[in-house]
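So you can see what is in the structure, the chains are spelled out below.
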Amino acid sequence: MSGGGGTRATASATLSSGVVTGINVTNGGSGYTSAPSVSFGAGVAYKYSSGTWSPMTMPASVGVSSLWGIHMSDSNHGWAVGIPSPIANPATGIGVAFKTSDGNTWVQDATGIDNDVQLYGVDSTTASDGWAVGQRGGSTTACNPQLPDSTSCRGVGVLYKYNGSSWTEVQKTDTTFFTSVDMVNASSGYAVGYTFNPAVAGRGYKTSDGGNTWSAMNLGTIKLMAAVSFLDTSVG
């Protein structure tokens, strides 16, 4: 809920097969001078089975503008990341990172990620690890990583690592907005994105220590890379 001149009210929606079946107002807000606008988070994940796509259960109480990245390490375990709704600036609460352990039901597990962080890519090699990339701040309007512009894509590029119970920011840069990450194995991986400064060559980043440290790679005239995938540590 937004607008109306008052303190923002909040509510959660109950979903059944992708349809809103109930709304619970958790905070009525205060000081409204006109009717506020009501909108729903749009984060939905689908599963393909036997030739059919069907929606999976996502936490209805967590505000999600949209989901941008998903990765399954096996048929039951995986991560989905995206953009908070609304994007907070300054940050309060935690960001958008969900995990599943049964391949159907997702729970929020974003401790360590502030909710001014927009996540666009995620990867994992086992059920207990994870790496996620995106940007922090910049604008309270969600950035489209495929159509970056000077208004919403001017935050700080960030890269997070999951340690089994929480996320830690392991890399940040004010020149690259990260869009995708791919870990070849638990030690080696690559991250790519968009270069904010047109005078600076495009950059990718590489890790060989499990994502604890990342080194920049010059991509020459390439300014925007939306996705990355490697077959092994030398071919991608």
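All of these numbers come straight from a predicted model, not from anything done at the bench.

A. Representation of the sheet that holds strand E12 (residues 167–173). Spatial ordering of the open sheet is given by E9-E10-E11-E12, a layout of four strands whose pairing is antiparallel. Strands with a single pairing partner mark the edges of an open sheet, and in this sheet they are strand E9 (117–123) and E12. Neighbouring strand axes in the sheet, compared pairwise and without regard to direction, differ in orientation by 25° on average. Two strands pair when backbone bridges link them, and strand E11 (residues 156–162) and E12 are joined in this way by six bridges, in the antiparallel orientation. From the neighbouring strand, Tyr162 faces E12, where its bridge partner is Trp167.

B. Here's a closer look at the pairing of strand E14 (residues 189–195). Counting buried residues in E14 gives seven out of seven residues, a clear majority hidden from the surface. For strand E13 (residues 176–183) and E14, the ladder comprises seven bridges, and the chain directions are antiparallel. Counted as the bridge partner of Phe178 is Gly193 from E14. Connecting the antiparallel pair E13 and E14 is a turn made up of five residues. Pairing analysis gives four bridges linking E14 to strand E15 (residues 203–207), with the strands arranged antiparallel. Looking at the pairing, Ala191 lines up with Tyr205 of E15.

C. Representation of the sheet that holds E15. In spatial order, the strands read E13-E14-E15-E16; together these four strands make up an open sheet with antiparallel pairing. Of all the strands in the sheet, just E13 and strand E16 (215–218) have a single pairing partner and so form its edges. On average, each strand axis in the sheet is tilted by 30° relative to the strand beside it, whichever way the strands run.

D. Quick look at the nonpolar core. Among the nonpolar cores identified, the biggest contains 13 residues, and Ala97, Ile113, Leu119, Tyr160 and Trp167 are the most heavily contacted of them. Only strand E6 (78–84), E9 and E11 provide two or more residues apiece to this core. Those residues in contact with Ala97, other than ones at most four positions away along the chain, are Trp79, Ala80, Val81, Val107, Gln108, Asp109, Ala110, Ile113 and Trp167. Val133, Phe178, Val181 and Met183 belong to the second largest nonpolar core, which has nine residues in total.

What counts and what doesn't
Residues numbered from 1 in each chain as written. Predicted model: local features only at pLDDT ≥ 70, side-chain atom pairs only at ≥ 80, totals over all residues. Heavy atoms only, no water. Pairing = 2+ DSSP bridges. Helix = DSSP H or I, 4+ residues; strand = E, 2+ residues; numbered from the N terminus. Axes fitted to C-alpha atoms, helices over the stretch in contact; angles between N-to-C directions. Buried < 20%, exposed > 50% of the residue type's maximum accessible area, 1.4 Å probe, protein only. Core = buried A, V, L, I, M, F, W, Y, C linked by side-chain atoms within 4.5 Å. Contact = heavy atoms within 4.5 Å.

From the geometry alone we can't say anything about function, so treat these as descriptive.
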